[in-house]
Amino acid sequence: MILQRLRTVTALAILAVTSGAPHALQAQDAGTQVRFARFPAVSPDGRTLAFSWRGDIWTAPVEGGAATRLTVHQAYDAWPVFSNDGRRIAFSSSRDGNDDVFVTTVAGGTPTRLTWHSGADQPTDWASDDQAVILQSRRQQPFGREAQVYRVPVAGGLEQHLMQAMGGEATLSSDGRYLVFTRGSVEWWRQRYRGAANTDLWLLDTRSRQFRRLTTHLGNDSRARFAGDARTIIYR
């Protein structure tokens, strides 16, 4: 397993959205330049950027250009995640008071709701066959900081635990064997925190059901993603 630290992944994606350069993004139906977008996610082919702006989900070319609005709702839509085939996007929305997981196509349309729990749910990845969405939720830990990882079928059905360990920001390798997740209880904005609650990366081998700690840095390691070879992990 190869680990590569990349502290600028999120910053680069945000830069593509907010840059004042000639290729800065322009919102088609808002008639203004996109600034202060959040939660960037890059499509599997590396050509499209999904993000949350003004409470809705948008997409745009990575190199800049016109941004297309995918969701239109008075609630807050965030945390977009592309499916592995690049055709759908999972996201969270507070349309019924708390964050639930929804799925829409890259062309937009009426989203399909996948979770109905009163706790907050956030999508973090898709199953390797795109038949389910991986999500994190504190639904069973209402007073704790760490989440748990679930799997919910896109076709509908109950959520299932992927593991009993606490953790979040889970992502699967392309072959579905390895699950990398974050353990720790530090808020994301405490970037310079050093202490017992710092976040580290852990790995679950879904075949052997064995856990392994991947990072021991005295600081916060998070937002892991597998590279194309399913063995290299890039994280922040």
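Cut-offs applied
Residues numbered from 1 in each chain as written. Predicted model: local features only at pLDDT ≥ 70, side-chain atom pairs only at ≥ 80, totals over all residues. Heavy atoms only, no water. Phe/Tyr/Trp six-rings, centres within 6.5 Å; stacked < 30°, edge-to-face > 60°. Buried < 20%, exposed > 50% of the residue type's maximum accessible area, 1.4 Å probe, protein only. Lys NZ or Arg CZ within 6 Å of the ring centre and 35° of its normal. Core = buried A, V, L, I, M, F, W, Y, C linked by side-chain atoms within 4.5 Å. Contact = heavy atoms within 4.5 Å. Pairing = 2+ DSSP bridges. Helix = DSSP H or I, 4+ residues; strand = E, 2+ residues; numbered from the N terminus. Axes fitted to C-alpha atoms, helices over the stretch in contact; angles between N-to-C directions.

Colleague: So what about the packing of aromatic side chains? Which residues, and what values?
Modeller: Inspection of the entire model under this criterion finds four aromatic pairs. Ring centres 5.1 Å apart and planes at 70° place the aromatic pair Trp-53 and Trp-58 in the edge-to-face group. Take Trp-53: its relative accessible area is 5%, and that puts it in the buried class. Note on Trp-58: relative accessible area 1%, which makes it buried. When the ring centre of Phe-102 is taken as origin, the NZ or CZ atom of Arg-95, which lies over that ring, is 5.2 Å away. Sitting over the face of the ring of Trp-202, Arg-183 holds its NZ or CZ atom 5.8 Å from the ring centroid.

Colleague: Give a description of the nonpolar core that names residues and reports values.
Modeller: Val-81, Ala-90, Val-101, Val-103, Leu-114, Trp-126, Val-133, Leu-135, Tyr-150, Val-152 and Val-154 together form the largest nonpolar core, which totals eleven residues. Excluding its chain neighbours within four sequence positions, the residues that come into contact with Val-133 are Ala-90, Val-101, Val-103, Leu-114, Pro-123, Asp-125, Trp-126, Tyr-150, Arg-151, Val-152 and Val-154.

Colleague: Account for the sheet that holds strand E9 (residues 88-93), with residues named and values stated.
Modeller: Sheet strands associate in pairs through backbone hydrogen bonding, adopting either a parallel or an antiparallel arrangement. Taken in spatial order, the four strands of this open sheet run E8-E9-E10-E11, and their pairing is antiparallel. The sheet terminates laterally at strand E8 (77-82) and strand E11 (108-113), the two strands that pair on one side only. In this sheet, adjacent strand axes meet at a mean angle of 30° when their direction is disregarded.

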